Amino acid sequence: MNRKKKINETLKKRMKKANAKLNKSNKPRYISKAERAKLDEEAAQVTETTDVTSDTTIDNDIESAS
């Protein structure tokens, strides 16, 4: 009886591992605190550059209209 039980347990473990590999997790990937800070800095720089370019285009539009 013990031999059969042991064999069945090992087979169940293998099946469980195989099924776990097939099913992808819906959990989002972990982003470290340093990476989040870096991404925030990059986003801030991008918004600053778009603000500067939009200001210059507005200024150019105003000057050309005059």
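Residues numbered from 1 in each chain as written. Predicted model: local features only at pLDDT ≥ 70, side-chain atom pairs only at ≥ 80, totals over all residues. Heavy atoms only, no water.

Draft legend 1. Region of interest: the overall build of the protein chain. On a plain count of helices and strands, the protein chain comes out with two helices and zero strands. Burial statistics for the protein chain: of 66 residues in total, 0% are counted as buried. (Helix = DSSP H or I, 4+ residues; strand = E, 2+ residues; numbered from the N terminus. Buried < 20%, exposed > 50% of the residue type's maximum accessible area, 1.4 Å probe, protein only.)

Draft legend 2. Seen up close, a positive patch on the surface. Residues Lys6, Lys13, Lys17 and Lys21 make up a contiguous surface patch of positive charge. As for its placement among the helices and strands, Lys13 is situated in helix H1 (residues 2-22). By relative accessible area, which is 57% here, Lys13 ends up exposed. (Patch = residues over 30% accessible without salt bridge, like charges linked within 9 Å, V, L, I, M, F, W, Y side chains within 5 Å. Areas by Shrake-Rupley, 256 points an atom, 1.4 Å probe, with all protein chains shown as cover. Salt bridge = Lys/Arg side-chain N within 4 Å of Asp/Glu carboxyl O. Lys, Arg positive; Asp, Glu negative; His and termini not counted. Charge placed at Lys NZ, Arg CZ, Asp CG, Glu CD.)

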